[in-house]
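Chain by chain, the residues:
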Amino acid sequence: MSKMSEQEMQSFGRVAVLMGGRSAERAISLRSGAEVLKGLLAAGIDAFPIDLCKDGADPVAQLLDAEFDRAFLILHGRGGEDGTLQGLLEMMGKPYTGSGVAASALGMDKLRCKQLWMGAGLPTPPCCVLTQETDLNQVAELLGYPLMVKPVHEGSSIGISRVMNLDELKAAYAQAVSYDHLVIAEQWIKGSEYTIAVLKGEALPIIRLETSHSFYDFNAKYEAADTQYLFDDQLSDEKRSELKRLSESAFAAVGCTGWGRVDVMMDEEGRFQLLEVNTLPGMTDHSLVPMAAREAGLSFEDLVIEILKTSFNTEAR
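Thresholds applied
Per chain, residue numbering runs from 1 following the sequence as it is written. Predicted model: local features are reported for residues with pLDDT of at least 70 only, side-chain atom pairs are reported and counted for 80 or more only, and whole-chain, interface and lining totals are derived from all residues. Note: side-chain values were computed over all heavy atoms of the structure, leaving out hydrogens and water. Two aromatic rings, drawn from Phe, Tyr or Trp (for Trp, its six-membered ring), form a pair once their centres lie within 6.5 Å of each other, and the interplanar angle then sorts them: stacked below 30 degrees, edge-to-face above 60, tilted otherwise. Counting from the N terminus, the helices are the DSSP runs of H or I reaching at least four residues and the strands are the DSSP runs of E reaching at least two. Each residue is assigned to one of three classes by its accessible area relative to the maximum for its type, calculated with a 1.4 Å probe on protein chains only: buried under 20%, partly exposed between the two thresholds, exposed over 50%. Remark: nonpolar core denotes a set of buried residues (Ala, Val, Leu, Ile, Met, Phe, Trp, Tyr, Cys) joined through side-chain atoms within 4.5 Å. Segmentation of the chain into domains, including their bounds, is taken from an automatic or database domain assignment. Contacts are residue-level and defined by heavy atoms, with any inter-residue pair within 4.5 Å sufficient. UniProt positions are given in the numbering used here, feature names are shortened, and annotations may be inferred rather than shown by experiment. Polar contact criterion, stated in full: a pair of N or O atoms within 3.5 Å, where within protein one must be able to donate a hydrogen and the other to accept it, and residues adjacent in sequence count only if both atoms are side-chain atoms. What counts as an axis is a line fitted to C-alpha atoms, over the stretch in contact for a helix, and the angles between N-to-C directions run from 0 to 180 degrees. For this classification, under 35 degrees means roughly parallel, over 145 means roughly antiparallel, 65 to 115 means roughly perpendicular, and everything else is oblique. Every case where a carboxyl oxygen of Asp or Glu lies within 4 Å of a side-chain nitrogen of Lys or Arg is listed as a salt bridge. Here a crossing is called left-handed whenever its near helix is offset anticlockwise from the far helix by less than a right angle, and right-handed whenever the offset is clockwise. Gly is placed with the polar residues, together with every amino acid not listed as nonpolar (Ala, Val, Leu, Ile, Met, Phe, Trp, Tyr, Cys and Pro) or charged (Asp, Glu, Lys and Arg).

1. Section: the packing of aromatic side chains
Applying the stated criterion to the full structure yields two aromatic pairs. Relative to F312, the ring of F12 lies with its centre 5.7 Å away and its plane at 40°, an arrangement referred to as tilted. Residue F12 is located in the loop between helix 1 (6-11) and strand 1 (15-20), and its partner F312 is located in the segment after helix 12 (300-309); the two are separated by 300 residues in the primary sequence. Taking the relative accessible area as the measure of exposure, F12 reaches 2% and is therefore buried. When the ring of Y194 is compared with that of F272, the centres are 6.3 Å apart and the planes differ by 80°; the resulting orientation is edge-to-face. One end of the pair, Y194, is in strand 8 (residues 192-199); the other, F272, is in strand 13 (residues 272-278), and 78 residues separate them in sequence.

In structure tokens, the structure reads:
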């Protein structure tokens with residue numbers, strides 16, 4: 001990518017990199033934010049960090065007290081990725097990167113996102129909502145073992161469990177509901193797992209995930225040394241094109257804009273199944289979007305600049 005002119009860099013003004021927050025993903029957000037800030041500064045952007053909610057600080061007061069022209073959002077989880085921060089910035093008249101209020105809220109809500117995809121005719125594994133009154137035997141009969149139990153409003157695989165029997169299902173529900181009042185059980189899909197970064201509506205190179213864990217959990221994502229991220233996707237040209245089109249369609253159906261990531265499984269019959277969309281994916285040294293961008297020929301600095309440019313695209317939200 002060609003180097004930006006001084007005029008182009010000045011057009012961004014002063015950029016606040018918003019990170020931290022109160023969610024269970026705060027530590028990952030701080031790591032992502034540090035990398036984004038480093039990339040923006042290296043590219044010559046006038047950028048500075050705001051650690052929202054640091055030491056119990058009021059995030060509204062923090063934003064009102066700060067002087068900035070636009071925001072690069074890199075919070076993960078509730079309070080940052082779910083539309084609330086996006087709404088506040090819109091009320092302040094401050095441009096920001098990524099998806100708008102509605103798409104952010106839908107992307108953070110695994111249940112309603114799946115319902116939207118089903119309504120749009122897009123493939124996603126069947127699921128059931130779990131409550132204290134749910135007949136878990138009936139859920140197991142409907143979905144079969146193994147199955148996945150997920151808090152609806154968490155990311156980074158926090159609170160997610162793969163269960164093989166009724167006792168594990170009970171324990172998994174108890175763990176998930178400690179993170180979120182809304183919990184789903186989802187049919188387990190056996191097969192290859194893929195993640196597809198989307199930048200400005202177009203899919204970047206597909207990454208196939210391989211882990212020694214029973215699924216791609218928090219440890220596999222951020223800590224394990226043996227997780228493999230493979231651009232050898234083992235797909236035919238036809239299936240590769242199908243997966244990219246599906247990811248772009250899933251991203252657009254939710255109303256996402258700017259950038260994000262779609263996670264997909266391929267089942268034993270060779271059918272793709274949508275798992276979730278991430279509207280503010282990680283940008284750490286273990287993260288998948290920077291890997292896909294590098295494969296597409298974009299350096300980390302190029303990537304953060306391309307994402308920053310999406311803050312001008314307010315009419316698309």
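2. A short note on the nonpolar core
One finds V17, L18, L40, I45, F72 and L89 to be the most contacted residues of the largest nonpolar core, which totals 49 residues. Inspection of this core shows a minimum of three residues originating in each of domain 1 (6-97) and domain 2 (107-123 + 190-296). Residues in contact with L89, not counting those within four places in the same chain, are L18, L63, F68, A71, L73, K94 and Y96. Membership of the second largest hydrophobic core comes to 22 residues, among which are A103, A203, L243 and F272.

3. Notes on unusual backbone geometry
With an omega of -5°, the peptide bond between Y145 and P146 qualifies as cis. The phi dihedral of D55 is positive, around 55°, even though this residue is not glycine. Within the secondary structure layout, D55 lies in the loop between strand 2 (47-52) and helix 3 (59-65). For D55, a relative accessible area of 75% corresponds to the exposed category. Here the phi dihedral of Q234 falls at roughly 60°; this positive angle occurs in a residue that is not glycine. Turning to its location among the elements, Q234 is positioned in the loop between strand 11 (228-230) and helix 10 (237-254). Since its relative accessible area comes to 56%, Q234 is described here as exposed.

4. Considering the UniProt feature "binding site: Mg(2+) 1" (unreviewed entry) in the protein chain
Cross-referencing UniProt, the feature "binding site: Mg(2+) 1" (unreviewed entry) maps to D263 and E276 in the present numbering. Mapping D263 onto the fold places it in strand 12 (residues 259-266). Assessed through its relative accessible area of 8%, D263 is described here as buried. In this view, D263 contacts Y194, T195, Q273, L274, L275, E276 and N278; residues no more than four positions away in its chain are not counted. If you trace the backbone, E276 turns up in strand 13.

5. Structural notes on the environment of R271
Its place among the elements puts R271 in the loop between strand 12 and strand 13. Since its relative accessible area comes to 48%, R271 is described here as partly exposed. Residues within four places of R271 in sequence aside, it is in contact with M265 and M266. Polar side-chain contacts of R271 include one of 3.1 Å to the side chain of E269.

6. A few points about the packing of helix 2 (residues 26-42) against helix 12
Contact geometry of helix 2 with helix 12 gives a least axis separation of 8 Å together with a crossing angle of 95°. Here helix 12 runs roughly perpendicular to helix 2, going by the angle between their axes. Packed against helix 2, whose contacting residues are E35, V36, G39, L40 and A42, the element helix 12 presents F300, E301, V304, I305 and L308 at the interface.

7. A short note on the side chain of T284
Relative to the helices and strands, T284 resides in the loop between strand 13 and helix 11 (288-295). In this structure, T284 is in contact with I28, R31, S32, E35 and P290, ignoring residues within four places of it in sequence.

8. Describing the pattern of salt bridges
Close approach of charged atoms lets side chains of opposite charge pair. Summed over the entire model, instances satisfying the criterion amount to 16 salt bridges. Across the pair K239 and E242 runs a salt bridge, and its minimum N-O distance is 3.2 Å. In this pair, K239 and E242 both sit in helix 10, three residues apart, roughly one turn of the helix. A salt bridge links E269 to R271, with the shortest nitrogen-to-oxygen separation between them at 3.1 Å. By relative accessible area, E269 is classed as exposed at 56%. One network of salt bridges, with partners in common, ties together K114, K150 and E186.

9. Quick look at the UniProt feature "active site" (unreviewed entry) in the protein chain
The UniProt record annotates "active site" (unreviewed entry) at E25, S156 and S287. For S287, the location among the structural elements is in the loop between strand 13 and helix 11. Looking at S287, the relative accessible area reads 7%, which means it is buried. A distance of 3.2 Å separates the side chain of S287 from the backbone nitrogen of M283, its partner in a polar contact.

10. Focus: the packing of helix 6 (residues 110-119) against helix 10
Angle between the axes and distance between the axes are the two parameters that describe a pair of packed helices. Axis separation between helix 6 and helix 10 bottoms out at 10 Å; the angle between their running directions is 110°. Relative to helix 10, the element helix 6 is oriented roughly perpendicular. Helix 6 and helix 10 meet at a crossing whose hand is right-handed. Contact residues: helix 6 offers C113, L116 and W117, while helix 10 offers A250, A253 and V254. Tallied by class, residues from the contact of helix 6 with helix 10 come to six nonpolar, no polar and no charged.

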